[in-house]
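A closer look at the structure
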Amino acid sequence: MRTIASHFLKPILLILLSLFPMVSAFGEEVWVYSSRKEHLIKPLFDQYKMETGVSVRYVTDKAPPLMARIKAEGRNTRADLFMTVDAGNLWQAGNMGILQPITSPILDKNVPSHLRDSEGRWAGLSIRARAIVYSTKRVAPSELKSYESLADDKWKGRLCLRTSKKVYNQSLVAVMMEHLGAEKTEETISAWVKNLATPVFSNDTKLMEAILAGQCDVGIVNTYYFGRLQKEQPDLPLAIFWPNQADRGVHVNISGAGVTRYGKHPQAAQKLLEWLSSPSAQSTFASLNMEYPVNPAVKKSKEVAAWGEFKADVINVDVAGRNQARAIMLMDRAKYH
Ligand code: FE
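Residues numbered from 1 in each chain as written. Predicted model: local features only at pLDDT ≥ 70, side-chain atom pairs only at ≥ 80, totals over all residues. Heavy atoms only, no water.

Each helix and strand in the protein chain was counted, giving 14 helices and nine strands. For the C-alpha atoms alone, the extent of the protein chain along its principal axes is close to 95 × 40 × 30 Å. Excluding contacts between residues fewer than 6 apart, the proportion of contacts in the protein chain whose partners are at least 24 apart in sequence is 77%. Looking at the protein chain as shown, the accessible area adds up to about 15,900 Å², and 57% of this sits on carbon and sulfur atoms. (Helix = DSSP H or I, 4+ residues; strand = E, 2+ residues; numbered from the N terminus. Contact = heavy atoms within 4.5 Å. Areas by Shrake-Rupley, 256 points an atom, 1.4 Å probe, with all protein chains shown as cover.)

Moving on: the side chain of Arg116. Within the secondary structure, Arg116 is located in the loop between helix H5 (105–110) and strand S4 (123–135). Given the relative accessible area of 16%, Arg116 is considered buried. (Buried < 20%, exposed > 50% of the residue type's maximum accessible area, 1.4 Å probe, protein only.)

Right, let's talk about the coordination of the iron ion for a bit. At 2.0 to 2.1 Å from the iron ion lie its protein donor atoms, namely Tyr168 (OH), Tyr224 (OH) and Tyr225 (OH). Written as a sequence motif, the donor arrangement for the iron ion is Y-x55-Y-Y. For the pair formed by Tyr224 and Tyr225, the shared burial category is buried. (Donors = N, O, S within 2.8 Å, 3.2 Å for Na, K, Ca; no water.)

Attention now goes to the environment of Glu143. Inspection of the secondary structure puts Glu143 in the loop between S4 and strand S5 (159–160). Here Glu143 falls in the partly exposed class, since its relative accessible area comes to 28%. Not counting residues within four places of it along the chain, the set of residues in contact with Glu143 comprises Arg138, Lys154, Trp155 and Arg158. Among the polar contacts listed, one links the side chain of Glu143 to the backbone nitrogen of Ala140, at a separation of 2.7 Å. (Polar contact = N/O pair within 3.5 Å; in protein donor to acceptor, adjacent residues only side chain to side chain.)

Let's shift gears to the packing of aromatic side chains. Evaluation of the coordinates by the stated rule reveals six aromatic pairs. With a centroid separation of 4.3 Å and an interplanar angle of 40 degrees, the aromatic rings of Tyr224 and Tyr225 are classed as tilted. For the ring pair Trp242 and Phe310, a centre distance of 4.1 Å and an interplane angle of 25 degrees mean the geometry is stacked. Of this pair, Trp242 sits in the loop between strand S7 (238–241) and strand S8 (251–259) while Phe310 is found in the loop between helix H12 (302–305) and helix H13 (319–322), placing the two residues 68 residues apart along the sequence. An aromatic cluster is built from Trp242, Tyr292 and Phe310, whose rings are joined through pairwise contacts. The ring of Trp31 carries the charged tip of Arg78 above its face, separated from the ring centre by 3.9 Å. (Phe/Tyr/Trp six-rings, centres within 6.5 Å; stacked < 30°, edge-to-face > 60°. Lys NZ or Arg CZ within 6 Å of the ring centre and 35° of its normal.)

For the rest of this paragraph, the subject is the packing of helix H2 (residues 38–52) against helix H11 (residues 279–288). Relative orientation of the contacting elements H2 and H11 amounts to 165 degrees, with a least axis distance of 9 Å. Put simply, H2 runs roughly antiparallel to H11. The way H2 lies across H11 gives a crossing that is right-handed. Residues His39, Leu40, Pro43, Leu44, Gln47 and Glu51 of H2 form the contact with H11, whose participating residues are Ser280, Ala281, Thr284, Phe285 and Leu288. The class makeup of the residues in the contact of H2 with H11 is six nonpolar, four polar and one charged. (Axes fitted to C-alpha atoms, helices over the stretch in contact; angles between N-to-C directions. Parallel < 35°, antiparallel > 145°, perpendicular 65-115°, else oblique. Left-handed = near helix turned anticlockwise from the far one by under 90°. Nonpolar A, V, L, I, M, F, W, Y, C, P; charged D, E, K, R; others polar.)

Here Ile132 shows up in strand S4. Between the C-alpha atom of Ile132 and that of Tyr262, which follows or precedes it by 130 residues, the distance is 41 Å. If near-sequence neighbours (up to four positions away) are discounted, Ile132 is found in contact with Leu144, Ser146, Tyr147, Leu150, Gly219, Ala239, Ile240, Phe241 and Pro243.

Ranked by internal contacts, the top residues of the largest apolar core, which has 102 residues, are Met83, Leu144, Leu150, Trp192, Trp242 and Leu272. For this core, the element with the most residues is S4, which contributes eight residues. Each of domain 1 (22–126 + 254–298) and domain 2 (128–251 + 317–333) accounts for three or more of the residues forming this core. Apart from the residues lying within four places of it in its own chain, the contact partners of Met83 are Val32, Tyr33, Ser34, Ser35, Arg36, Ile41, Phe45, Leu125, Gly256, Ala257, Leu276 and Phe285. (Core = buried A, V, L, I, M, F, W, Y, C linked by side-chain atoms within 4.5 Å. Domains from an automatic or database assignment.)

Residues of helix H8 (residues 204–212) that are buried include every one of Asp204, Leu207, Met208, Ala210 and Ile211, and no others. Looking straight down H8, one finds that the buried residues subtend no more than 155 degrees of arc, so they occupy a single side. In this fold, the buried residues of H8 make contact with S4, S5, strand S6 (218–222), helix H9 (223–232) and S7. Measuring from the side-chain oxygen of the N-cap residue of H8 to the backbone nitrogen of Thr205 gives 3.0 Å; that N-cap residue is Asn203. (Arc of directions from axis to C-beta.)

Time to look at unusual backbone geometry. A positive phi angle, near 80 degrees, is found at Asp86, a position not held by glycine. Topologically, Asp86 is positioned in the loop between strand S3 (81–85) and helix H4 (87–95). Note on Asp86: relative accessible area 1%, which makes it buried. Of note, Met290 is a non-glycine position whose phi angle comes to about 50 degrees, a positive value. Its location among the elements puts Met290 in the loop between H11 and strand S9 (292–293).

Everything listed here is a matter of coordinates, which is why it stays silent on function.
Here it is, written out as structure tokens:
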């Protein structure tokens, strides 16, 4: 009797066991705290739900309050994944102890090593280049060369910059310090300040509008802000110049994410992070904000490809975080506000 029972029960048990993961996936959820805006993440989370059945719930805010919130919530936090922009912010999150190191052969394969944390606490998901923008009416590209060359006297009264309070510029200067040393970087930044045509701007778009208005001729911006303006005005008399092509390459930064230290669903968070780096998510992730996919196997969108090929700086982006405090002090000494 016993053998007959086990003969019938075994396949039934196997069927039940094979059904179990589907049952447990039903109603599964993962929480994301994101400084990326809702319209840039929601389409992906909807796609994730369709593909896996897992619901992604999220909170959006600016990066510093979100990091402070995860820290303050401690073991009670709902955040499983923290998503933000700029390696400077991701490095800070790692440094604050709100992320946990993970081992992921999938991320190792999908994300180039200079665009993720060596300890596995965060990984890049898209690439943005911080390049030179210029007036096509008043500047020839042959006059441009590098970030440092914007310190030349010929740009006196012709340069516009965004505020040094923005992490994008802190990261740019932090990386310059690593390549050029503090002394040469400070000389360069002081000369930029002397060349300024106007007070610094609160964002990259206002800077480009100042060039369009004839207040200045050149500036430094993230490529997707240029892309947004170009989408509104296809005949925009502005263009992107890729600096430092003869040496270290264009400064690139990332948007990215990391699994939180005390989230309730660390495995689900890791799966979502890995999925975001996969080909099926990458083209959407990058093209939603006119950025470059971090996964080299994925093609960039048509409008982004139209800006041309460039050599990117391949220094590990974590230097943006490691040198951030020194960069802020340097910019202060150079009177870059
Ligand atoms: Fe931005």
